[in-house]
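Architecture and fold: a report
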Amino acid sequence: MIEFEEALSMILKNTGILPAEEVPLDGSMGRVLKEDAYSGIEMPPFDKSAVDGYAVKSSDVKKIPARLRCLGLIQAGEAFGRRLARGECVKIMTGAPMPKGADSVVMVEDSRQQGKYVELSRSAEKGENVCFKGEDLKKRQKVLQKGIRISPSHVAVLATIGIPSVKASGRPRVAILNTGGEIVPLGKKLGRNKIYNSNGPMLSALLKADGIEPRFLGIAKDNVRDLKKEIRRGLDTDILLISGGVSMGDYDLIPSVLEGMGIKKIFHKVNIKPGKPLFFARRKNTIIFGIPGNPVSNFLAYLIFVRPALNKMRGCQCGKPGFKEGVIETGFHSKLGRKHFVLVEVLKRENRYYLTPVTSHGSADVLALSKADGFMAIGPHTGVIKKGSKVGFITWKKI
Ligand code: AMP
Ligand code: MG
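All of these numbers come straight from a predicted model, not from anything done at the bench.

The rules behind each value
- Residues numbered from 1 in each chain as written.
- Chains lettered and ligands numbered in written order.
- Predicted model: local features only at pLDDT ≥ 70, side-chain atom pairs only at ≥ 80, totals over all residues.
- Heavy atoms only, no water.
- Pairing = 2+ DSSP bridges.
- Helix = DSSP H or I, 4+ residues; strand = E, 2+ residues; numbered from the N terminus.
- Axes fitted to C-alpha atoms, helices over the stretch in contact; angles between N-to-C directions.
- Core = buried A, V, L, I, M, F, W, Y, C linked by side-chain atoms within 4.5 Å.
- Buried < 20%, exposed > 50% of the residue type's maximum accessible area, 1.4 Å probe, protein only.
- Domains from an automatic or database assignment.
- Contact = heavy atoms within 4.5 Å.
- Salt bridge = Lys/Arg side-chain N within 4 Å of Asp/Glu carboxyl O.
- Polar contact = N/O pair within 3.5 Å; in protein donor to acceptor, adjacent residues only side chain to side chain.
- Nonpolar A, V, L, I, M, F, W, Y, C, P; charged D, E, K, R; others polar.
- Disulfide = S-S within 2.5 Å.

1. Re the sheet that holds strand β8 (residues 111-114)
Ordered in space as β7-β4-β6-β5-β9-β8, the six strands form an open sheet in which the pairing is mixed. Two strands lie at the open edges of the sheet, namely β7 (104-107) and β8, each paired on one side alone. Between one strand and the next, the sheet's axes are offset by a mean angle of 40°, whatever the strand orientation. Here β8 pairs with strand β9 (residues 117-120) via four bridges, running antiparallel. From the neighbouring strand, Gln 113 faces β9, where its bridge partner is Val 118.

2. Here we look at the nonpolar core
Among the nonpolar cores identified, the biggest contains 47 residues, and Leu 241, Phe 267, Phe 289, Ile 304, Phe 305 and Phe 375 are the most heavily contacted of them. Per-element tally for this core: the top contributor is helix α6 (residues 295-313), with twelve residues. There are two domains that each give this core at least three residues, and those are domain 1 (4-18 + 171-313) and domain 4 (324-395). Each residue touching Leu 241, except ones within four places of it in the same chain, is listed here: Val 174, Ala 175, Ile 176, Leu 177, Leu 203, Leu 207, Phe 289, Ile 291 and Val 306.

3. Things to note about the sheet that holds strand β21 (residues 286-291)
The strand order across the open sheet formed by six strands is β16-β13-β17-β21-β20-β18, and the pairing between neighbours is mixed. In this open sheet, the two strands that pair with only one neighbour each are β16 (215-220) and β18 (264-268). Here the average twist between neighbouring strands, direction ignored, is 15°. As paired elements, β18 and strand β20 (residues 279-283) share four bridges and run antiparallel to each other. Bridging across to β20, Lys 264 finds its partner in Arg 282. This element, helix α1 (residues 4-13), spans β18, β20 and β21 of the sheet and lies at about 160° to β18.

4. Brief notes about the domain arrangement of the chain
The assigned domain composition of the chain is domain 1 (4-18 + 171-313), domain 2 (21-43 + 135-168), domain 3 (48-131) and domain 4 (324-395). With centres defined by C-alpha atoms, the gap from domain 1 to domain 2 works out at 34 Å. The interface is formed by five residues belonging to domain 1 together with five residues belonging to domain 2. Inspection of the domain 1/domain 2 interface yields one salt bridge. For Asp 210, the salt bridge identified is with Arg 149, shortest N-O distance 3.9 Å. Applying the counting rule to domain 1 against domain 2 returns two residue pairs in polar contact (both at pLDDT 80 or more). Grouping the constituent residues of the side of domain 1 that touches domain 2 by class yields two nonpolar, one polar and two charged.

5. Description of the state of the cysteines
Counting across every chain of the model gives zero disulfides. The thiol sulfur of Cys 131 is not disulfide-bonded, and the nearest other cysteine sulfur, from Cys 89, lies at 19 Å. Exposure remark for Cys 131: the relative accessible area of 18% places this residue in the buried category.

The following block contains the structure:
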């Protein structure tokens, strides 16, 4: 049996990087940017008003109230042809270009229009309420670094500089297959001796949170014919996730079915708890994870094995599970011999993470999972962890 680190490195070694694609900005969310992005324009491209108000010469509103002659109105998107002389102002809308001769804007809230004149009850410093040309972005300025995962705020920056499409990582195609004669889809009546399919929706949710729209292959019964048929349907993907059927039971058929289909086993079993019977295989460019059926094992396997592979595929520099260091708040006993992943609550205080183990009945205890924020990882040779010791952990939350 191999150790966690070796399993991870074998998975990554068998995972290829998908070729980059030109994708419309609208479909770029969650992908990795493959080229630095530079602005071809200045932002803002012209001096503009930040508020609705009156464009003035600040020298005209030193003494208030000030009475100025109003020359007209500038709408956003339009220009104003005349230059302001002393004693003059122009009504201006947010986002409209500043007229020549004006250097600041008094907000409309501080004004009273009196026919062709306006009384301003507030002075303005030079530059007040004006956004200056190029103050946010200079021409040829680098705005995004290649390698980042594109988020909604990155989309905003790219749209602002007028980029309709970007070179981004290919999007991994991922399929989910759940197995087990006892597994019932949601919406169906739960018959005797059956349980609902929690792995399917859970894995799908994890993938969606990572920007992947998975294909759901359904629930296969534990017989060779069904399994073969469903697995075949998933072989045109980059990642096939199979839950259940990889342990030592008489109906744990996944390893033999895959091998019977000529699919090459890379490893079976990793020295971790939970999730020891993990099966990993590869067929051409498809990597296949056979994950032991309990939901907490599936969740953990996703965090520590599937996500790093997914990230490598899309060329993200985050190709390792992100372990951080925390301080354990209560003493803990771990069984020797296996790397143990324990559900913990994580609290952050003054830039340090504090971990408290969550009471759990084992790897089927989904309620315990829902109360936890992460897994702390205890090495195979550590038995007793004293309160206050430092421990590595991985979290799926922003803490
Ligand atoms: P297996 O790996 O097939 O031996 O399954 C291990 C345990 O996980 C069994 O108790 C199964 O009933 C349970 N299990 C398997 N698949 C699922 C699933 N999709 N949702 C919830 N529990 C499951
Ligand atoms: Mg099963």
